[in-house]
Amino acid sequence: MGESPAGPTPAAQNAEPDRSPSGGAEAGAEDGEEPGAADGAAETAEEPGAADTAAQTGEAGEAAQTGEAAAPGLTEAQAELAAQKVERERIARRKAEREAPVDAGAKLSGKAADLLAAVRAVESGAKPSAVFFDEAPATPRRAAPAPPQPRPATAPAAAPAPTAGDIGAVRAVLTRGGAPEGLAGAAAEALGEGAADLLAEDPWRLLAVPGVRPAQADGFAQALLGPGAGPADERRSAALLGWLLDQAALKGHTALEAPVLEKALAQYGVPAPAEALETAIGEGAVLVFHEPLGEPGPQAADAGGDGGDEEDEPRPVRILVGLEEHALAEESLADGLARLTGTFGGPADWSEVASGPGAELVRAVAAHGLVTHTGGEAARAEPLALLAAARKLGLRAALAAHAPTGDAVGVAGLLSGAQGPGRDADGRFDLDLLIVLDAPQLDVETAAALVESLPDGARLVLSGDPGVLGSAGPGRVFADVLAARACPQVVSRTPGPGPLGELVSGIGVGELNQVEAPGKEIVIVPVRDAGEAVHRTVQLVSESVPRAFGIPADAVQVITPGHGGAAGTRALNAALKERLNPGPGRFGGFDPGDRVVHVPAPGRAVPGRVVSADAQGLHLDVAGVRVVVPKERVEARVRHGWAVTAHQAVGARWPAVVVVLPGDAAPALSRDWVYTAFGRAERHLSVVHGVDQALPRAVAEVLPKPRTTRLTGLLRALTADGQPQA
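Reading guide: rules and limits
Residues numbered from 1 in each chain as written. Predicted model: local features only at pLDDT ≥ 70, side-chain atom pairs only at ≥ 80, totals over all residues. Heavy atoms only, no water. Helix = DSSP H or I, 4+ residues; strand = E, 2+ residues; numbered from the N terminus. Buried < 20%, exposed > 50% of the residue type's maximum accessible area, 1.4 Å probe, protein only. Contact = heavy atoms within 4.5 Å. Areas by Shrake-Rupley, 256 points an atom, 1.4 Å probe, with all protein chains shown as cover. Pairing = 2+ DSSP bridges. Salt bridge = Lys/Arg side-chain N within 4 Å of Asp/Glu carboxyl O. Axes fitted to C-alpha atoms, helices over the stretch in contact; angles between N-to-C directions. Parallel < 35°, antiparallel > 145°, perpendicular 65-115°, else oblique. Left-handed = near helix turned anticlockwise from the far one by under 90°. pLDDT = per-residue confidence, 0-100. Core = buried A, V, L, I, M, F, W, Y, C linked by side-chain atoms within 4.5 Å.

### Topic: the overall build of the chain
- When its secondary structure is counted, the chain shows 28 helices and 19 strands.
- A burial count over the chain gives 54% of its 726 residues as buried.
- When contacts within the chain are restricted to residue pairs at least 6 apart in sequence, those whose partners lie at least 24 apart make up 76%.
- Accessible surface, the chain: about 28,800 Å² in total, of which carbon and sulfur atoms supply 52%.

Pasting the structure below:
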């Protein structure tokens, strides 16, 4: 069959890449990941200077058009989104209750001219990023904020769904402006109460609807307002700023530098971007932060010396601009982590259980309230050993992961109350120790909600593999905590077993090695084009792997860079369904027995299987739990799941994995993508290889794109200040 049991390197010499436009590049970089999927956020947003193409909207536009119908009762997705909304509201209340603003992270309250002068100072001393969202500036060091008192967590409440009348009123405004009526439901949900009036008064608010581009909002505004809808309109500038920051959040940023935003506004035709930014800041549409750069001089530490003129020398700063929800979440998370370390009751004697795998981790957790743990898939045994040790000592301990597996509950289920321990009278988790696996998948809002839910004195362990793909939502929580060095770090040295472990370990350090695979643990399948890639993938899943390894087709997972293109998830799933579970797709394209991925909320992708369908919607079996997806939400929230992207696969493993790399997928490859995809295999990995030397090049040279965040600086400031958290 042309398969060779070896590492990926030599196979590339025999593969002829498909360079046609229909190949893998569309599947990865251009088509992007839909915002509703777990792999959506980090790869969808285009740069703000790019043309307004339809490729950006992708599935988001389709999902927006399905949101017209009013939601029925409280679903799992609604409960989770409501919990996130309540968390944001609680964070906002905490900010309002602070007695004084945070020194280096507060919103500027002086004249807008002061900000403009500061921005100009930064611009004169540092070159702006050439790429808007992909070049993060250096991590700041800042003065410590005053820690707030912890507030009891509140129970989630369902967000009110827009009524039929609200949707109808929005539809009328959209019709007047020539916009698709199908956006009415999504617009009513995004804009909330009085959406129709808001949209009529400020048509650029249409940019709040997922999938809508600036050119489309401009056309809508011109149709409603006439010649007065020009590029200098302050309403347009404010909406563009929010949209740019939303797009940045989709790529993981929680803030952007002011010069970067000014450049982006200019490329969208705003005639005076600096003044537009001033106005938006003055009106509170966005928050601004100035953070010192570099190390403080020796005179700063010598408070008692005369110091002369040196004491007055200002330190350079960078100006960051962000949306309130992300800024408050980062500050709340930093304060919450500091609260846990500050209320920790002191070291305990756990020597009787500190033996065997995980002994070092057990000793670290016994002595500290916050601990990080890093390692590959083989290192997951150590947090499991810690869990067993804590329970042996009589502690209330829980293990949470990105997706529920074995002893671990899902993070989303833990927060919603559907899984894990209950909450005490103050709304906190009834826990002494929480161990979080897959910590790189935590975005700032989820992490803030977890930490806020822990009681004073509880222990928290963040465990994960720093080499995998980052979170779908904004932030880089795990990496920021590691960079801040605000707590003990336990590094596991447990190697991955066998040829697969050797291969993945090498990828983690930038080396794609040829490894010996006597049991055909790794097989390379060269292909010439996308069509052959699909054919060979179906053959591997349905015949070759089950026959050679005794692994059933249902236990083989296909992973590819993107959804679109001739060898993306859509094309692969269509071919695999035809072979493995043929049917007419009479339930919105699905049949009983179909393998699917359920996306209950952005950033989550849960594998399941179709059971049936009726007037209520599509019935799924998700990890043994019956889930009903309303029929009007099926298109946006359910995908076939024989083939997924690496973002959807992260946090899970399968006995066998087939990674499909068609020729045009090369631009979508990076070290963390390859590391994640190859690392999902437990016993066998097949690589359908059509990218030639792009694979070793990606592993060696294409590093993860940096994210601009504030958490590291916030944590360093709190640690340096050393103030106890009440």
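Additional details are given in the paragraphs that follow.
### Observations regarding the pairing of strand β12 (residues 595-598)
- Of the two faces of β12, the one lined by R595 and V597 and the one lined by V596 and H598 are each fully buried.
- The pairing of β12 with strand β16 (residues 638-640) spans three bridges and is antiparallel. Its bridge partner being in β16, H598 is matched across the sheet by V638.

### Structural notes on the sheet that holds strand β1 (residues 256-257)
- Pairing in this open sheet of three strands is antiparallel, and the strands run β1-β3-β2 from one edge to the other. Pairing within the sheet leaves two strands with one partner each, and these edge strands are β1 and β2 (287-292).
- Sheet topology places β1 next to strand β3 (residues 317-322); two bridges connect them, and they run antiparallel. Note that in β3 the partner of L256 across the bridge is V321.

### Comments concerning the environment of L431
- Take L431: it is sitting in the loop between α18 (411-416) and β7 (433-436).
- As a C-alpha pair, L431 and S453 span 22 residues in sequence and 9.8 Å in three-dimensional space.

### Points about the pattern of salt bridges
- Inspection of every chain in the model, using the stated rule, returns 19 salt bridges.
- In this structure, the salt-bridge partner of R710 is E331, at a minimum N-O distance of 3.2 Å. Of this pair, R710 sits in the loop between α27 (694-701) and α28 (711-721) while E331 sits in helix α15 (residues 324-342), placing them 379 residues apart in sequence.
- According to the relative accessible area criterion, R710 is buried, its value standing at 1%.
- Of the charged contacts, one joins D432 and R396 as a salt bridge, the two residues approaching to 2.8 Å between their closest N and O atoms. In this pair, D432 sits in the loop between α18 and β7 while R396 sits in the loop between α17 (381-392) and β5 (397-401), placing the two residues 36 residues apart along the sequence.
- R396 gets classed as partly exposed once you look at its relative accessible area, which sits at 38%.
- Linked by salt bridges that have partners in common, E377, R380, D438, R653 and R680 make up one network.

### Remarks on the packing of helix α16 (residues 359-367) against α17
- Between α16 and α17, the shortest axis-to-axis distance is 8 Å and the interhelical angle comes to 55°. With respect to α17, the element α16 is oriented oblique. Here the hand of the crossing between α16 and α17 comes out right-handed. Residues L361, V362 and V365 of α16 pack against E382, P383, L386 and A389 of α17.

### Some words on the confidence of the model for the chain
- When pLDDT is averaged along the chain, the result is 81, and 74% of the positions lie at 70 or above.
- In this model, residues 9-73 is a region of pLDDT below 50 whose contacts with residues beyond four sequence positions or in other chains number 187 contacts.
- Within the model, pLDDT remains below 50 along residues 98-158, and this stretch shows 146 contacts once partners closer than five positions in the same chain are excluded.

### Regarding the nonpolar core
- Of all hydrophobic cores here, the largest spans 47 residues; its most connected members are V170, L174, L199, F220 and V321.
- Elements with a contribution of two residues or more to this core: α7 (164-176), α8 (184-191), α9 (195-201), α10 (214-225), α11 (234-250), α12 (258-267), α13 (273-282) and β3.
- The leading source of residues in this core is α11, at seven residues.
- For V170, the contacting residues outside a window of four places in its chain are A184, A187, A188, A195, A196 and L199.
- By size, the runner-up hydrophobic cluster in this structure holds 39 residues, among which are A329, L333, V436 and A439.

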